Amino acid sequence: EYLDTLKKKHRYNLKRDYYTIRNLNPRIEITDGHGNADEFDDIVKLSLQRFSGEEKSDFRYKEDVDAGRAIMKNSGLYSCKLIKVFIRDYLAAVDLVAHYKDRYYMLIGGANDVERFPGIGNFMVYHEFEDAIKNDFNLVDCLQVDYSWKHKYFTPKKLFEIEKKV
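(A) A look at the nonpolar core. Counting 23 residues, the largest nonpolar core has Leu14, Val85, Ile87, Tyr104, Ile120 and Phe123 as the members making the most contacts within it. Here this core gets 7 residues from one element, more than from any other, and that element is helix α4 (residues 120-134). Listed in part, the 17 residues of the second largest apolar core include Val44, Phe86, Leu91 and Leu96.

(B) Representation of the pattern of salt bridges in the model. Evaluation of the coordinates by the stated rule reveals 7 salt bridges. Put simply, Asp17 and Arg16 hold a salt bridge, and the shortest N to O gap is 3.1 Å. Its relative accessible area of 38% is what places Arg16 among the partly exposed residues. Put simply, Arg27 and Asp89 hold a salt bridge, and the shortest N to O gap is 3.4 Å. One end of the pair, Arg27, is in strand β1 (residues 27-32); the other, Asp89, is in the loop between β2 (79-87) and β3 (90-100), with 62 residues separating them in the sequence. Where salt bridges share partners, they join Arg27, Glu29 and Asp89 into one cluster.

(C) Examining the side chain of Asp17 more closely. The residue Asp17 is located in helix α1 (residues 8-22) in this model. For Asp17, the contacting residues outside a window of four places in its chain are Gly119, Asn122 and Phe123.

(D) Seen up close, the environment of Arg69. Its place among the elements puts Arg69 in helix α3 (residues 62-73). For Arg69, a relative accessible area of 26% translates into the label partly exposed. As a C-alpha pair, Arg69 and Asp41 span 28 residues in sequence and 8.9 Å in three-dimensional space.

(E) Fine view of the packing of aromatic side chains. Going through the model one piece at a time under the given rule, you end up with 7 aromatic pairs. Summarising the aromatic geometry, the rings of Tyr18 and Phe123 are spaced 5.1 Å apart at their centres and angled 10 degrees between planes, so their arrangement reads as stacked. Placement of the pair is Tyr18 in helix α1 and Phe123 in helix α4, with a sequence separation of 105 residues. Both residues of the pair, Tyr18 and Phe123, count as buried.

(F) Structural view of unusual backbone geometry. We note that Arg88 has phi near 50 degrees; this positive angle belongs to a residue other than glycine. Relative to the assigned elements, Arg88 resides in the loop between β2 and β3. Non-glycine residue Asp136 carries a positive phi angle of around 60 degrees. Examined against the element boundaries, Asp136 turns out to sit in the loop between α4 and β5 (139-142).

How each quantity is defined
- Residues numbered from 1 in each chain as written.
- Predicted model: local features only at pLDDT ≥ 70, side-chain atom pairs only at ≥ 80, totals over all residues.
- Heavy atoms only, no water.
- Core = buried A, V, L, I, M, F, W, Y, C linked by side-chain atoms within 4.5 Å.
- Buried < 20%, exposed > 50% of the residue type's maximum accessible area, 1.4 Å probe, protein only.
- Helix = DSSP H or I, 4+ residues; strand = E, 2+ residues; numbered from the N terminus.
- Salt bridge = Lys/Arg side-chain N within 4 Å of Asp/Glu carboxyl O.
- Contact = heavy atoms within 4.5 Å.
- Phe/Tyr/Trp six-rings, centres within 6.5 Å; stacked < 30°, edge-to-face > 60°.

Structure follows, in structure tokens:
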């Protein structure tokens, strides 16, 4: 099992947060991202709310919001899914994932209310790992920004390097 490959502390924290949120009886909605670009506003809103006052939100610039909407709108060769988690009818988290062939891409995350629901980020990561395993994907690729969590679960792999010659 993948979780057995993680350091003991990271595995413990991931499971603890997953079960803490699970005990709150979350309602998970998974919608087809294609044609639902309007639902993308939920990701933008939660991300801006979480990172207000900081320069970390993926959506502080209009161009980034437009790019996210285009990813959803233009899906065809790949498929997109929005994963929304509601706790007590409150939108607690939204992530965008994509599938292409045998790969599961965690595209946009961090749009969650950690103030009200500590551990919701780990819950989402755990849920997405489960989803990828359950659906027999061979590779999980996390393209999300590392807000001090990604390095705990993924070993960086350099795909290519651009070098500027002077």
